[in-house]
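This is what each chain is made of:
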Amino acid sequence: MESNEILRVNGISKRYGDISVFEHLDLSVKKGEVVVIVGPSGCGKSTFLRCLNGLEEIQEGEVLLDGERISQNPKELSRTREKIGMVFQSYDLFPHLTILQNLTLAPVKVKKRNKKDVEKEAEELLERVGLLSKKDRYPRELSGGQKQRVAIVRALIMHPEVLLLDEITAALDPEMVKEVLDVVLSLAKEGRTMVIVTHEMQVARAAANRMIFIDGGKIVEEGEPTEFFEHPQTERLRQFLHSFSYEAE
Ligand code: ADP
Ligand code: MG
């Protein structure tokens, strides 16, 4: 194992009954690396991410974080999810709690951290994403883009070693996409380890150290972003990129 490898996926397979979503997928992510996964709708991207932090049972293979196998034992899952944070398309903030309360809940309750310290950190993170003025507001008073930035902060405040982002801009109005993607780009720049699923090819290209194309339950192509976008090796990736008006010359 390479010394700076943080996440390793060894031959995982996911099936729902007789239906296979993917078979024998492998992945290795180094500390500070940003891996972006793209692929057609329904190819298993969300399921794959959910397998990485134990939200889905896997039928074969294993996932290792820092060389330690992620257990499927429910008792250990909350620990796993602290280490591997995830942000989804739907932000699912608690409607009856203020933004600050939404952010401090898990660190105080789950991690037993000091409330004042956590509030201070939440305020610093909110400032970073341009939302400090909203800390005492309720989720319904925020736009979708603002709520999604809060959801990113909620993941960051748990100090995850790896952050998984699953199409976090897919449900947003176009004018709100940029404010969320800018946060993602800044996290990539500061060296956060992330596995990102997105349909935003511009951002994929800007943020990714490595691109992965999944189709038909397999990794069809994988590579450094410039090569991936400009010289796709397979017809399937060429067609996929073409559908985003990304064409190899
Ligand atoms: P993507 O995120 O790439 O669009 P998903 O991971 O959501 O794809 O889904 C992959 C496949 O798994 C789809 O064909 C979907 O219908 C199937 N699937 C997802 N969740 C379930 C489930 N709970 N039961 C049965 N099939 C499922
Ligand atoms: Mg999905």
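The structure we're discussing is the one just above.
Reading the values: the criteria
Residues numbered from 1 in each chain as written. Chains lettered and ligands numbered in written order. Predicted model: local features only at pLDDT ≥ 70, side-chain atom pairs only at ≥ 80, totals over all residues. Heavy atoms only, no water. Helix = DSSP H or I, 4+ residues; strand = E, 2+ residues; numbered from the N terminus. Buried < 20%, exposed > 50% of the residue type's maximum accessible area, 1.4 Å probe, protein only. Axes fitted to C-alpha atoms, helices over the stretch in contact; angles between N-to-C directions. Parallel < 35°, antiparallel > 145°, perpendicular 65-115°, else oblique. Left-handed = near helix turned anticlockwise from the far one by under 90°. Contact = heavy atoms within 4.5 Å. Phe/Tyr/Trp six-rings, centres within 6.5 Å; stacked < 30°, edge-to-face > 60°. Near = heavy atom within 4 Å. Polar contact = N/O pair within 3.5 Å; in protein donor to acceptor, adjacent residues only side chain to side chain. Areas by Shrake-Rupley, 256 points an atom, 1.4 Å probe, with all protein chains shown as cover. Nonpolar A, V, L, I, M, F, W, Y, C, P; charged D, E, K, R; others polar. Pairing = 2+ DSSP bridges.

Draft legend 1. Seen up close, unusual backbone geometry. A positive phi angle, close to 55 degrees, is found at aspartate 66, a residue other than glycine. Inspection of the secondary structure puts aspartate 66 in the loop between strand 4 (60-65) and strand 5 (68-69). For histidine 159, which is not glycine, the phi torsion reads 55 degrees and is therefore positive. With relative accessibility at 42%, the residue histidine 159 sits in the partly exposed group.

Draft legend 2. Structural context of the packing of helix 3 (residues 99-109) against helix 5 (residues 144-156). It is the contact of helix 3 with helix 5, at a shortest axis distance of 9 Å, that shows an interaxial angle of 25 degrees. What the angle tells us is that helix 3 and helix 5 run roughly parallel. Handedness of the helix 3/helix 5 crossing: right-handed. Between helix 3 and helix 5, the residues in contact are Ile99, Asn102 and Leu103 and Val150, Val153 and Arg154, respectively.

Draft legend 3. View of the packing of aromatic side chains. For the structure shown, the criterion picks out four aromatic pairs. Geometrically, the ring pair formed by phenylalanine 213 and phenylalanine 240 is tilted, given 5.0 Å between the ring centres and 35 degrees between the ring planes. On the criterion of sequence distance, the pair formed by phenylalanine 213 in strand 9 (residues 210-215) and phenylalanine 240 in helix 9 (residues 235-242) is long-range, its members being 27 residues apart. For the ring pair phenylalanine 228 and phenylalanine 229, a centre distance of 5.3 Å and an interplane angle of 75 degrees mean the geometry is edge-to-face. Phenylalanine 228 gets classed as buried once you look at its relative accessible area, which sits at 2%. Within the aromatic cluster, the residues linked to one another by ring pairs are Phe213, Phe240 and Phe244.

Draft legend 4. Quick peek at the site of ligand 1. The full set of residues close to ligand 1 is Tyr16, Val21, Pro40, Ser41, Gly42, Cys43, Gly44, Lys45, Ser46 and Thr47. Separating an oxygen atom of ligand 1 from a side-chain N or O atom of lysine 45 is a distance of 2.8 Å. Within the contact set of ligand 1, an oxygen atom lies 2.8 Å away from a side-chain nitrogen or oxygen of serine 46. Here ligand 1 has 560 Å² of accessible area as a free molecule, and 54% of this is covered by the chains. When residues of the shell around ligand 1 are assigned to their parent elements, the largest contribution, three residues, is made by helix 1 (residues 45-52). Of the residues that constitute the shell around ligand 1, the class distribution is four nonpolar, five polar and one charged.

Draft legend 5. Summary view of helix 3. Listing the buried residues of helix 3 in full gives Ile99, Leu100, Asn102, Leu103, Thr104 and Pro107. Among the structural elements, helix 4 (115-128) and helix 5 are those in contact with the buried residues of helix 3.

Draft legend 6. Structural view of the side chain of aspartate 166. By secondary structure assignment, the location of aspartate 166 is in strand 7 (residues 162-166). At 2.6 Å, the side chain of aspartate 166 and the side chain of serine 46 are in polar contact. Those residues in contact with aspartate 166, other than ones at most four positions away along the chain, are Ser46, Leu49, Met86, Val87, Phe88, Gln89 and Val197.

Draft legend 7. Region of interest: the pairing of strand 6 (residues 84-87). Neither face of strand 6 is exposed, since Ile84 and Met86 on one face and Gly85 and Val87 on the opposite face are all buried. Where strand 6 and strand 7 come together, four bridges link them in parallel fashion. Across the sheet, the residue bridging to valine 87 is leucine 165, located in strand 7.

Draft legend 8. Spatial organisation of the sheet that holds strand 8 (residues 194-197). The six strands are arranged 6-7-8-3-9-10 in an open sheet whose pairing can be described as mixed. Each edge of the open sheet is held by one strand with a lone partner, namely strand 6 and strand 10 (218-223). Strand-to-strand twist in this sheet, taken as the mean axis angle between neighbours without regard to direction, amounts to 20 degrees. Relative to strand 10, strand 9 is paired through five bridges, and the arrangement is antiparallel. Among the inter-strand pairings, isoleucine 214 is bridged to a residue of strand 10, identified as isoleucine 219. Across the face of the sheet, helix 5 comes into contact with strand 6 and strand 7 while running at roughly 170 degrees to strand 6. Seen against the sheet, helix 6 (residues 174-189) touches strand 3 (34-38), strand 7 and strand 8 and runs at an angle of roughly 150 degrees to strand 8.

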